[in-house]
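# Results of the structural survey
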Amino acid sequence: MNELIKVNIKNENGKLLVGSRDIAIGLEKEHKDVLRKIEDVLTVGEFSEHEFMTSQGNKYKEYLLDKNAFILLVMNYTGYNDFKRAYIKKFDDMEKHVPHTYPEALRMYAGEVERRELAEKEAQKAICEKSWIGSRRTMPELKNQKKKSRKEV
């Protein structure tokens, strides 16, 4: 692999998906051409349509593909083997982390909740420590102000 290939796969409700825009970038093709190829190669149930908005506020369609649909699509492009390998490897790696049973999903969710709660506690602790340090720095200034105001009276 000569270049680092940016792989962008989304986990949406436990389903791993790649967008047609990311495929177009990786294949160095126009997005409209990739959309057309998806419509030609895949059947309606093999991809889902998604809408995205540009920075100018224009709305366009994008197709989301799972691993099998992605493989079917890219088999229709000659070359780009590094790109294909990178995406297939990323799909495989991410599939290892998707829960396959309800208890696995609950354990994974509980772990995520615990990590977030811990991060929130640490953030609150840091805020409290910082405010305490800040108040310690201002104490001498407050004492000096009180002395000045007593002298003026």
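Residues numbered from 1 in each chain as written. Predicted model: local features only at pLDDT ≥ 70, side-chain atom pairs only at ≥ 80, totals over all residues. Heavy atoms only, no water.

### Considerations on the pattern of salt bridges
Tallied over the full model, the rule gives seven salt bridges. Lys61 is paired through a salt bridge with Glu39; the nearest N and O atoms lie 3.0 Å apart. Remark: Glu39 occurs in helix α2 (residues 31-41) and Lys61 occurs in strand β4 (residues 59-65); sequence separation between them is 22 residues. The class for Lys61 is partly exposed, based on a relative accessible area of 32%. Of the charged contacts in the structure, one is a salt bridge between Glu112 and Arg116, with a shortest N-O distance of 3.1 Å. Of this pair, Glu112 and Arg116 both sit in helix α5 (residues 102-152), four residues apart, which is roughly one turn of that helix. Taking the relative accessible area as the measure of exposure, Glu112 reaches 30% and is therefore partly exposed. Classification of Arg116 as exposed rests on a relative accessible area of 58%. Within the structure, one salt-bridge network assembled from shared partners comprises Glu112, Arg115 and Arg116. (Salt bridge = Lys/Arg side-chain N within 4 Å of Asp/Glu carboxyl O. Helix = DSSP H or I, 4+ residues; strand = E, 2+ residues; numbered from the N terminus. Buried < 20%, exposed > 50% of the residue type's maximum accessible area, 1.4 Å probe, protein only.)

These results come straight from atomic positions and should not be treated as a statement about function.
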